[in-house]
Amino acid sequence: MTSADEPMALAAEQLRTAGMRVTAPRMAMLMVVSESRSHLDAETLRERVQSITGRLSLQATYNVLRALTDAGLVRCTQFPGHPARYETERHDNHHHFVCRSCGAIRDVECSVGAAPCMEPRLPKDYDTQEAAVTFWGMCPDCRAAPPT
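Residues numbered from 1 in each chain as written. Predicted model: local features only at pLDDT ≥ 70, side-chain atom pairs only at ≥ 80, totals over all residues. Heavy atoms only, no water.

Draft legend 1. View of helix H2 (residues 24–35). An ideal rise of 1.5 Å per residue puts 16 Å on twelve residues; H2 measures up with 16 Å between its terminal C-alpha atoms. Of the residues making up H2, those classed as buried are Arg26, Met27, Ala28, Met29, Leu30, Met31, Val32 and Val33. Where H2 is buried, its residues contact helix H1 (7–17), helix H3 (42–53), helix H4 (58–70), strand E2 (74–77) and strand E3 (85–88). (Helix = DSSP H or I, 4+ residues; strand = E, 2+ residues; numbered from the N terminus. Expected span 1.5 Å × (residues − 1). Buried < 20%, exposed > 50% of the residue type's maximum accessible area, 1.4 Å probe, protein only. Contact = heavy atoms within 4.5 Å.)

Draft legend 2. Representation of the environment of histidine 95 in the model. Mapping histidine 95 onto the fold places it in strand E4 (residues 95–99). On the basis of relative accessible area, histidine 95 is assigned to the buried category, the value being 0%. Through-space distance from the C-alpha of histidine 95 to that of phenylalanine 135 is 7.9 Å; in sequence the pair is 40 residues apart. Side-chain polar atoms of histidine 95 contact the backbone nitrogen of valine 133, separated by 3.3 Å. (Polar contact = N/O pair within 3.5 Å; in protein donor to acceptor, adjacent residues only side chain to side chain.)

Draft legend 3. Spotlight on the sheet that holds E4. The mixed open sheet is built from three strands, whose spatial order is E5-E4-E6. Since the sheet does not close on itself, it has two edges, and those belong to strand E5 (105–108) and strand E6 (134–137), each with one partner. Averaged over all pairs of adjacent strands, the angle between their axes in this sheet comes to 25 degrees, without regard to strand direction. Two strands pair when backbone bridges link them, and E4 and E5 are joined in this way by four bridges, in the antiparallel orientation. Directly across from histidine 96, in E5, lies its bridge partner aspartate 107. (Pairing = 2+ DSSP bridges. Axes fitted to C-alpha atoms, helices over the stretch in contact; angles between N-to-C directions.)

Draft legend 4. Broad picture of the nonpolar core. Counting residues in hydrophobic clusters, the biggest one holds 23 residues, and the most contacted among them are Leu15, Met29, Leu30, Leu45, Leu68 and Tyr86. Going through the elements one at a time, H1, H2, H3 and H4 are the ones with two or more residues in this core. Among the elements that take part in this core, H2 stands out by supplying six residues, more than any other. Once residues within four sequence positions are removed from consideration, tyrosine 86 is found in contact with Ser38, His39, Leu40, Asp41, Ala42, Leu45, Tyr62, Leu65, Thr69, Val74, Arg75 and Cys76. (Core = buried A, V, L, I, M, F, W, Y, C linked by side-chain atoms within 4.5 Å.)

Draft legend 5. A look at the packing of aromatic side chains. This model, assessed by the stated rule, comprises one aromatic pair. With 6.5 Å between their ring centres and 90 degrees between their planes, phenylalanine 79 and tryptophan 136 make a pair best called edge-to-face. With phenylalanine 79 in the loop between E2 and E3 and tryptophan 136 in strand E6, this residue pair connects regions lying 57 residues apart in the sequence. Looking at phenylalanine 79, the relative accessible area reads 3%, which means it is buried. (Phe/Tyr/Trp six-rings, centres within 6.5 Å; stacked < 30°, edge-to-face > 60°.)

The following block contains the structure:
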């Protein structure tokens, strides 16, 4: 019997709660995304999932990621000049800092108050629900590195 504390069992339960069919690729993908402390691209996720499930095509990877994103379990963020990145959806409307030198990505708490964190100047009939802010700059490691 599988313990509810095991990552795959937790992933299966999350899928069921979201009303999704439980499949090995979905469980493995959700587990890999949940256990990651970084914002991973599809190819990196695919490699990690394959180490659990065996062969997984890139198309199947994108299909699983799309399903998990549509279900609100995974968040997809796209930064100009970078591949799409994936992380656990926490529904916290956090933002991101991207290092211009090494490409490292770090979460940044909501800038001003609760979601959507900003008050755009739009006509009253617009319903702003989310704000996506990307801060660009240099991370501490890149700032400390001698110029090349």
